[in-house]
Structure formats: C-alpha cells, structure tokens
Amino acid sequence: MSVQHVGVIGAGIVGLAVARRITEVYPGTQVTVLEKEDRPAVHQTGHNSGVVHAGLYYTPGSLKATLCRRGVGLLKEYTQEKKLPYDECGKLVVAINEDEIAGLKKIQEKSAANGVPDVKWLDNVGLRELEPYAAGVAALHSPHTAITDYVAVTDAYADDVRAAGGTIEFNFPVDGISQYNDKVQVKSNGRTLVFDRLVVCAGLQSDKVARWAGDDAGPAIVPFRGEYFQLVPERTHMVKGLIYPVPNPDYPFLGVHYTKRVHGGVDLGPNAVLAFAREGYTRGSIKPSELFETLKWPGFRKLAQQHWRMGAGEMAGSFSKQLYVKFAQQYVPEIQASDLVKAQAGVRAQAVDRDGSLVDDFRISKLDKVMAVRNAPSPAATSSMAIAEYVTDELRDLMITATV
C-alpha cells in the first residue's frame, strides 16, 4: 500500500487537533499542515478567553452539545498528561431579574439533557456565597467549567504532529485549490503541493478556502470583533471564577461576561461588533475588499435588516466605556470605569446563511477528496479533540477510497 499524503489547512487549535488525530488513526500517513502565519494559533485560538465550556447552552443532540461534552473530557485528560494549566474555577450564569428566570431554567434543562455534571440552582444567597461581589436573583453554578491556555494546548498538538512525522509549513498562504485524478493541488504564491486528501480548518477564511475546493458560497463568514476590558490588578479579587449573563436565545453570542484568566487577571467582554476586515482586531483595521464581500452577501443584508437594533447597541457600547461599565455593574455593582483598562480584542468567524440566519451549530462539508470545517465557533477550542475525532471518522471513507 502506498503512503497517503493528507494536507490540513490551518494551524489553529482545530486544524492541529485534526492533524494530530490523523497521525494516530492512520499511522504512516504523511500529514502536512499549511499555515499562512509564521506560528500556530495566531488568530481565533490566540485571542481566545481560555474558557473550557461544560456544555450548558447547546441544543441537545447537536454537534456542539455532543462534541463539547466529549471534548471537555479529552481536553482535561490531555492537559493533565502534558502538564498544561487547567483550573476548574467554575461558572455562574446569573439572572439579574425575575424576567430572566425562564431563560435560566431553559439552560438548566439543556445542561441536564447534555449530561453536564453537578450543575446546581442557586438563589441570591447561594450566589453571593460563591461570588461575594456579584448581584442577581438566581444563578446556575457549573463547578466543572474551567480555564486553560489554548495557545499552549495548540503548541502541544503541534509538537505531537511533528513527533509523529508530520510537517507544519508556515508562511504558506493558500490562494488556490483544485481536484484532479484523485489528487488535490494546493497553491500558494506560485508554489504547489499535491495531496491525496485535504481537510480545511481555515477559521476566519474558511468559506473562501472551501469555495476554492468546490463548496457552496454559503454559509459566508461575517467577522465580528469582540472587544475586552481587563480589571486592574487591585480589583481582580472581586471575581473568583466566571460570571456570565443569561444569553439572548436569538443570538449565538453569550454576552459580555467576567472571565478569570488561567495566568492571572480577569477580563470583561466580549461585545460583538461588525469587523471591517476578517482579521480586524482594531476599529481602524479596514480591508475594503473583505468589507465589500461582507456587505454583498445576501445573508448579511437580511441579518442587518432583522437585527439592526442589537447591532446599534453593540456599537454604542464599543464607543462608550460608560455604557460598557453600566452593563458590567448589573453583575458586579461595585465595578467602576477606573477599574477597567482596554485588553486584547478577538474576531469571531460567524457563519451566516443566505437567508440571514446565524449558523449556531458546527458545520462540516464533504467535497469529494476534501473536507471543510465551515463553522466552528465557541466551543470549538473546548471541543477540538472531539471535532478531530469526528472529522477523522468522516474522512475514513475518503482514505479507504484513496487506498483502493
């Protein structure tokens, strides 16, 4: 049997998890990871809050729910094996008034259906016992929600790929893909590599790269910048773990929340504002061609028509620290504007269907000899090893075909 050559586009946490899994399941396969940057985890992975989600929110039976629950166990095991940081600091989802109780109960029902362990309903007294500075009428406590360092995890995946004989090609910005004679050609600045099979895990560029491989135009990636503040060191004692709002069920975003970081400090955020470039980490980051792509997508125009009020509110919070603080004070009333300093922003690759609906679940396409991860937002980092299992299982038929 000839040696199979498999390419993986993207050296974020999902791409490297997939590459690592392929080396495990198909030993002897030559795996090459292609990354346009000069190191792993530069974009979504490197701007991640570090939360290891337990699976509270996700629709039972969905890929998100299934792969998050599987992934969190695999990730915890892996961090212990590699001696990477992992802190089960716990999470509170807080209802700030009686109107939010119904939403909190729905989350409780979902968490039970998803098998999230030890989730407990708390009244305002129980809430304050865990988070003395927090406010709310009730909360759900998930004691096993954790924090980690996803860049360190990704680097460890990369080390595993290399140790198994795989290769990571940095500074390889893919600009074309073609399939012919049971092979896949991947091009970059005049250079061409040939593979038997290809997996696309391109994050913020996932729709564009998948289209080159022959996939549909939709869903298209609409980039949303998430802006964070950080508590000044003398105020970090006010947050012991993770404090989240009851999310709006109409949106896949979880809302502004307090996040303890595994290496110290507490972040507050993110909001969700339209980014004017796919890697637009600042307000001044604008790529006219990418902005035009977003604006011309029919799904974005429908989304904007339906949800412009939400968008306007997020933009207002982006430009007004006082509005951001006002929201934060609903959960920790003693927080003041002077307690917050700007922190690193991230960009979420949000897939939007042609009808304007926000794609909530993970979405993965099969395209002859290519598999493409089209939508893998949070909790993709938590689920990375489980996503890798899923993709590799789906790849099995293609690998069998390649050996016949």
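Residues numbered from 1 in each chain as written. Predicted model: local features only at pLDDT ≥ 70, side-chain atom pairs only at ≥ 80, totals over all residues. Heavy atoms only, no water.

- The chain has the name L-2-hydroxyglutarate oxidase in an unreviewed UniProt entry, where Kineosporia corallincola is given as its organism.
- A UniProt comment under Cofactor (unreviewed entry) is attached to the chain, and it reads "FAD". (UniProt positions renumbered as here; feature names shortened; annotations may be inferred.)

**Observations regarding the packing of helix α2 (residues 63-82) against helix α5 (residues 150-163)**
Consideration 1: It is at 11 Å that the axes of α2 and α5 come closest, and there the two elements cross at 75 degrees. As far as their axial angle goes, α5 and α2 are roughly perpendicular. Counting all contacts with α2, which are made through Leu75, Tyr78, Thr79 and Lys82, the residues of α5 involved are Tyr150, Val153, Ala156, Tyr157 and Asp160.
Consideration 2: Of the residues belonging to the contact of α2 with α5, the class tally is six nonpolar, one polar and two charged. (Axes fitted to C-alpha atoms, helices over the stretch in contact; angles between N-to-C directions. Helix = DSSP H or I, 4+ residues; strand = E, 2+ residues; numbered from the N terminus. Parallel < 35°, antiparallel > 145°, perpendicular 65-115°, else oblique. Contact = heavy atoms within 4.5 Å. Nonpolar A, V, L, I, M, F, W, Y, C, P; charged D, E, K, R; others polar.)

**Observations regarding the pattern of salt bridges**
Consideration 1: Within this structure, the stated rule accounts for 27 salt bridges.
Consideration 2: Salt-bridge contacts for glutamate 389 lead to arginine 70; the nearest nitrogen and oxygen are separated by 2.8 Å. With a gap of 319 residues between them, glutamate 389 in helix α10 (residues 384-403) and arginine 70 in helix α2 connect regions that are remote in the sequence.
Consideration 3: Here arginine 396 makes a salt bridge to aspartate 393, at a shortest N to O gap of 3.5 Å. With arginine 396 and aspartate 393 both in helix α10, this residue pair falls three residues apart, about one helical turn.
Consideration 4: For aspartate 393, a relative accessible area of 44% puts it in the partly exposed group. (Salt bridge = Lys/Arg side-chain N within 4 Å of Asp/Glu carboxyl O. Buried < 20%, exposed > 50% of the residue type's maximum accessible area, 1.4 Å probe, protein only.)

**Details of the environment of lysine 110**
Consideration 1: Note that lysine 110 resides in helix α3 (residues 101-113).
Consideration 2: Looking at lysine 110, the relative accessible area reads 30%, which means it is partly exposed.
Consideration 3: Sequence separation between lysine 110 and glutamate 81 is 29 residues, and the spatial gap between their C-alpha atoms is 31 Å.
Consideration 4: Setting aside its immediate chain neighbours within four residues, lysine 110 contacts Leu56, Tyr57, Tyr58, Thr59 and Pro60.

**Quick notes on the sheet that holds strand β11 (residues 183-188)**
Consideration 1: Read from one edge of the open sheet, three strands run β10-β11-β12, paired in antiparallel fashion. Unpaired on one side and paired on the other, β10 (176-180) and β12 (191-195) mark the two borders of the sheet. Going from strand to strand, the sheet's axes swing by 20 degrees on average, the running direction of each strand aside.
Consideration 2: Two elements, β10 and β11, share five bridges in a ladder whose sense is antiparallel. Within β11, the residue paired with isoleucine 177 across the bridge is valine 186. (Pairing = 2+ DSSP bridges.)

**Here we look at the packing of helix α1 (residues 13-25) against α5**
Consideration 1: Contact geometry for α1 and α5: axes closest at 9 Å, N-to-C directions at 30 degrees. Taken as axis vectors, α1 and α5 run roughly parallel relative to one another. Classified by chirality, the crossing of α5 by α1 is left-handed. Residue-level contacts link Ile13, Leu16, Ala17, Ala19 and Arg20 of α1 to Tyr150, Val153, Thr154, Tyr157, Ala158, Asp160 and Val161 of α5.
Consideration 2: A per-class count over the contact of α1 with α5 returns nine nonpolar, one polar and two charged. (Left-handed = near helix turned anticlockwise from the far one by under 90°.)

**As for α2**
Because each turn of an α-helix spans 3.6 residues, side chains separated by three or four positions end up pointing in the same direction.
Consideration 1: Over its 20 residues, α2 runs 27 Å from end to end, which matches the ideal 28 Å to within 8%, given 1.5 Å per residue.
Consideration 2: For α2, every residue scored as buried is listed here: Lys64, Ala65, Leu67, Cys68, Gly71, Val72, Leu74, Leu75, Tyr78 and Thr79. (Expected span 1.5 Å × (residues − 1).)

**Things to note about the sheet that holds strand β21 (residues 346-352)**
Consideration 1: Within the open sheet, the three strands sit side by side as β19-β14-β21. Their pairing is antiparallel. Each edge of the open sheet carries a strand with a single partner, namely β19 (273-274) and β21.
Consideration 2: Here seven bridges tie strand β14 (residues 220-226) to β21, and the two strands are oriented antiparallel to one another. Bridge assignment links alanine 220 to a residue of β21, and that residue is valine 352.

**Side note on the environment of valine 137**
Consideration 1: Mapped onto the elements, valine 137 comes out in the loop between α4 (124-130) and β7 (138-142).
Consideration 2: As a C-alpha pair, valine 137 and alanine 95 span 42 residues in sequence and 5.9 Å in three-dimensional space.
Consideration 3: Not counting chain neighbours up to four residues away, the residues in contact with valine 137 comprise Ala95, Ile96, Asn97, Glu98, Ile101, Asp123 and Asn124.

**Describing the side chain of threonine 29**
Consideration 1: By the element assignment, threonine 29 lies in the loop between α1 and β2 (30-34).
Consideration 2: A polar side-chain atom of threonine 29 sits 2.9 Å from the main-chain carbonyl oxygen of tyrosine 26.
Consideration 3: The residues touching threonine 29, leaving out its near neighbours within four places in the chain, are Gln4, Val6, Ile22 and Met399. (Polar contact = N/O pair within 3.5 Å; in protein donor to acceptor, adjacent residues only side chain to side chain.)

**Concerning the nonpolar core**
Consideration 1: Ranked by internal contacts, the top residues of the largest apolar core, which has 43 residues, are Val8, Leu16, Val18, Ile22, Tyr157 and Val199.
Consideration 2: Taken together, the elements giving at least two residues each to this core come down to β1 (5-9), α1, β2, α2, α5, β23 (370-375) and α10.
Consideration 3: Contacts of leucine 16, omitting those with residues within four sequence positions, involve Gly10, Ala11, Val33, Pro40, Thr154, Tyr157, Ala158, Val161 and Ile168.
Consideration 4: Core analysis: the second largest hydrophobic core is formed by 23 residues, Ala139, Met238, Tyr258 and Tyr324 among them. (Core = buried A, V, L, I, M, F, W, Y, C linked by side-chain atoms within 4.5 Å.)

**Details of the packing of aromatic side chains**
Consideration 1: This model, assessed by the stated rule, comprises four aromatic pairs.
Consideration 2: When the ring of tyrosine 78 is compared with that of tyrosine 157, the centres are 5.2 Å apart and the planes differ by 55 degrees; the resulting orientation is tilted. Of this pair, tyrosine 78 sits in helix α2 while tyrosine 157 sits in helix α5, placing them 79 residues apart in sequence. Across this residue pair, the class does not change: tyrosine 78 and tyrosine 157 are buried.
Consideration 3: Here the aromatic rings of phenylalanine 229 and tyrosine 324 are separated by 4.9 Å at their centres, their planes lie at 70 degrees, and the arrangement is edge-to-face. Residue phenylalanine 229 is located in strand β15 (residues 229-231), and its partner tyrosine 324 is located in helix α9 (residues 321-329); the two are separated by 95 residues in the primary sequence. Note on accessibility: phenylalanine 229 and tyrosine 324 belong to one class, buried.
Consideration 4: Sitting over the ring of tyrosine 244, lysine 91 keeps its end group 4.0 Å from the ring centre. (Phe/Tyr/Trp six-rings, centres within 6.5 Å; stacked < 30°, edge-to-face > 60°. Lys NZ or Arg CZ within 6 Å of the ring centre and 35° of its normal.)

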